[in-house]
Amino acid sequence: MRQLAEEKLQKRTGKSFQELSCEESIYLIHELQANQIDLEMQNEELRAVQEELEQSSSRYADLYDFAPVGYFTFDEDGLILDVNLTGAELLGTEAVSLIKKPFFLFIDRDDRDAFYLHRRKVLEEKTRQACEIRLKRKNGMQFHARLESIAVQDSTGYHSQCRTAVSDISDRKLLEEQLKNHREQLMDMVEKFAYELKEADKKIERENAERKQAQKNEAKLLRELKTVFENIPIGIAYLDDELKFIHASRALCDLTGFREEELTGKPCYETIGEYAGDSTRKGGEKVCSFCKKAECFENKRPVRPVVGERALGNKFIRVTMIPESNETGTVSRFMEMREDITEHKRAEAEAKRVSHLAYLGELATGVAHEITNPVNGIINYAQILFNKSGRGSQEQDIARRIIKEGEYISGIARNLLSFALVGKESVSIHIDEILSETLDITKAQLLKDGINLKIKIAPDLPEIVVRPQQIEQVFLNVISNARYALNQKYPETDKDKILEILADSVTIDDRPYIRVVFCDYGKGIPADISGMVMEPFFTTRPDGTGLGLSISHKIVRDHGGKITLESREDEFTKVVIDLPVRP
């Protein structure tokens, strides 16, 4: 290198280093020092660039391995040359075990040709290609996948390799199938309306004189289309990228209690959201717990439709959110569907209640039988002690108390047996006969308590097939509860101390029923316990056993009927009993 430098120096100056003058040598040394410093600075820059390249390479490796889609590199025969961690996870195995393995081993047999043609087209045309096939994981589970591939060069510069991104689209396939069914239904409607519009247009072209009438027909048709949309029983709303309402259907407004103008331009979480009424939350803190809208906008890509269920006032709703993308592929707005599933939830709760009562019925029978005989023995022995004790003695008083408590336990046992009892004899009878028998027993007590009894029974009611004694037991229990509530609110006589009894015929699910309503204007039931009053052993009365309404509920249910309760604290309690009419 030194000799080469001296030769270049001699060519540049025409002199050898030994022939240079002192000034020329000093100048040359200065130039060398400047060049040395310049080279050192360039070396520092090269080292910094090298370090940055190494960091970029590390970041790329992380992005490659932990990308949200699987990346594969195939040779022209379909062997796996490289795969990231996400790709290995999609196939349910480790990345190292996939290298040099044929990819077709993980493809459904019916889709292997599609993968072969896809790979060949990529290598031949050297353009980005996509296809959808079914893949199998190592454990045999199958899923739908989308492949997007490009051709890449090998070490020789020949395009013999294929780099492919693999995404799991199973959820999208399921949604597409559901949307296809809805689309077919809508297309039938659209085709029908389109046909009518086309006929109207032909009529306009044929007869200018009837153009005004044709325009009226078209306007009518548009109103019908809007009517169809507005009367779909599922509430529908469109939201913009700030989660504000663009449009809300009538069903949604009916479900939420808002008018459309009250919703338009306002965020959903501030109006009808899960935490809309929570004053402790502010702004975005009120976004529903199951909401994925914000995630879509943050990631600039849609997530699969999300379904959530939650309470809305006294109803229960199912919320389905479907993101919509614009032409660039980013989420631009949402369609949100809200469906009232209150009755479905009530049916589930009723099924649980029936199962619970059946189990308690079996338990009640066993308990009642086990305690009846010992209690009767205690009562009899106490009666003997009472008879043999002196009048007014302490012994006689204790015996009397034993008899009283024993009879109380015996009464509980009888109630337990009634809870489990299924009568065998049913007769055809008018409801007014059962009410008359019931009131003959209770009317004296009602008059004594100063309760105003108002009875209204519709004439010519059809007969019902029931076990009269059991239905009478239900009525007696309801009237007893009403007496207690009225006496609690009005200890003395009062004009508002009223018990109303109404009977009429109704139709439920196209089947005739007799409906009997008992409405008292007493203390009512607090909202926090109204759902528990029909549970066995739950009572608010100091002398109650908590079995009355449970027994009544079971008796009415065994007759194919239904008992419901509505109450408002300090205002009223209404018990509605529906019994099926004789076939």
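Residues numbered from 1 in each chain as written. Predicted model: local features only at pLDDT ≥ 70, side-chain atom pairs only at ≥ 80, totals over all residues. Heavy atoms only, no water.

Chemist: What should I look at first to understand helix α5 (residues 170–206) in this one?
Modeler: For α5, which comprises 37 residues, the first-to-last C-alpha distance of 52 Å matches the rise-based estimate of 54 Å (1.5 Å per residue) to within 8%. Restricting attention to buried positions, one finds in α5 the residues L175, F193, A200 and I204. (Helix = DSSP H or I, 4+ residues; strand = E, 2+ residues; numbered from the N terminus. Expected span 1.5 Å × (residues − 1). Buried < 20%, exposed > 50% of the residue type's maximum accessible area, 1.4 Å probe, protein only.)

Chemist: Sorry, what's going on with the packing of aromatic side chains here?
Modeler: Aromatic ring pairs are described here by two measures, namely the spacing of the ring centres and the angle between the planes. If you walk through the whole model with that rule in mind, you get six aromatic pairs. Ring plane angle 50° and centroid distance 4.8 Å describe the contact between F74 and F103, whose orientation is recorded as tilted. Separated by 29 residues along the polypeptide, F74 in strand β1 (residues 70–74) and F103 in the loop between α3 (85–90) and α4 (112–125) bring together distant segments of the chain. In terms of burial, F74 and F103 fall into one category: buried. Taking the centre distance of 5.3 Å and the plane angle of 55° together, the rings of F475 and F518 count as tilted. Separated by 43 residues along the polypeptide, F475 in helix α14 (residues 468–489) and F518 in strand β15 (residues 511–520) bring together distant segments of the chain. An identical accessibility class is assigned to F475 and F518; each is buried. Members of the aromatic cluster, connected to one another through ring pairs, are F72, F74, F103 and F115. (Phe/Tyr/Trp six-rings, centres within 6.5 Å; stacked < 30°, edge-to-face > 60°.)

Chemist: Please explain the side chain of D449 as it appears in this structure.
Modeler: Tracing the sequence through the fold places D449 in the loop between α13 (431–448) and β12 (452–457). By relative accessible area, D449 is classed as buried at 16%. Setting aside chain neighbours within four positions, we find D449 in contact with R483, N487 and K497. (Contact = heavy atoms within 4.5 Å.)

Chemist: Honestly, the sheet that holds strand β3 (residues 129–136) in this entry has me stumped. Any pointers?
Modeler: For sheets, the rule is that strands pair by backbone hydrogen bonds, running either parallel or antiparallel. Across the sheet, which stays open at both edges, the five strands sit in the order β2-β1-β5-β4-β3 with antiparallel pairing between neighbours. A strand with exactly one partner marks an edge of an open sheet, and here the two such strands are β2 (80–83) and β3. Neighbour-to-neighbour, the strand axes of the sheet open up by a mean angle of 30°, direction not taken into account. Pairing geometry for β1 and β2, over three bridges, is antiparallel. The residue bridging F74 from the neighbouring strand is I80, located in β2. Against the sheet, α4 touches β1, β3, β4 (142–152) and β5 (161–168), its axis set at about 150° to β3. Across the sheet, α5 touches β3, β4 and β5, and the angle it forms with β4 is around 115°. (Pairing = 2+ DSSP bridges. Axes fitted to C-alpha atoms, helices over the stretch in contact; angles between N-to-C directions.)

Chemist: Mind showing me how you'd approach the state of the cysteines here?
Modeler: One pass over the full model with this rule turns up zero disulfides. Looking at C131, it has no disulfide partner, and the nearest cysteine sulfur is the one in C162, 9.3 Å off. (Disulfide = S-S within 2.5 Å.)

Chemist: Help me understand the sheet that holds β12 in this model?
Modeler: The strand order across the open sheet built from five strands is β12-β14-β15-β17-β16, with neighbouring strands paired in mixed fashion. Among the strands making up the open sheet, the edge pair consists of β12 and β16 (562–568). Between one strand axis and the next, the sheet turns through 15° on average, direction left out of account. In this sheet, strand β14 (residues 498–508) lies alongside β12 in parallel orientation, the contact comprising six bridges.

Chemist: I would appreciate a short explanation of the nonpolar core in the present structure.
Modeler: One broad trend across soluble globular proteins is that nonpolar side chains are buried collectively. In this structure, I431, F475, I501, V516, F518 and I577 are the most contacted members of the largest nonpolar core, which totals 31 residues. Among the secondary structure elements, those contributing two or more residues to this core are α13, β13 (464–466), α14, β14, β15, α15 (548–558) and β17 (572–580). Ranked by residues supplied to this core, first place goes to α14 with seven residues. Formed by 24 residues, the second largest nonpolar core is a distinct cluster that contains V83, A88, L147 and C162. (Core = buried A, V, L, I, M, F, W, Y, C linked by side-chain atoms within 4.5 Å.)

Chemist: Is there a simple way to think about a nonpolar patch on the surface in this case?
Modeler: A cluster of nonpolar side chains, namely I378, I398 and I402, defines an oily patch on the protein surface of about 240 Å² accessible area. As for its position among the elements, I402 is in helix α12 (residues 394–420). By relative accessible area, which is 33% here, I402 ends up partly exposed. (Patch = residues over 30% accessible without salt bridge, like charges linked within 9 Å, V, L, I, M, F, W, Y side chains within 5 Å. Areas by Shrake-Rupley, 256 points an atom, 1.4 Å probe, with all protein chains shown as cover. Salt bridge = Lys/Arg side-chain N within 4 Å of Asp/Glu carboxyl O.)

Chemist: How do you make sense of unusual backbone geometry when you look at a structure like this?
Modeler: Where the residue is not glycine, phi is negative for most of them; where a peptide bond is considered, it is trans in most cases. Positive phi values are uncommon outside glycine, yet K100 reaches one of about 70°. Within the secondary structure, K100 sits in the loop between α3 and α4. Look at K100 and you get exposed, because its relative accessible area is 57%. Positive phi, close to 65°, is recorded for D510, a residue that is not glycine.

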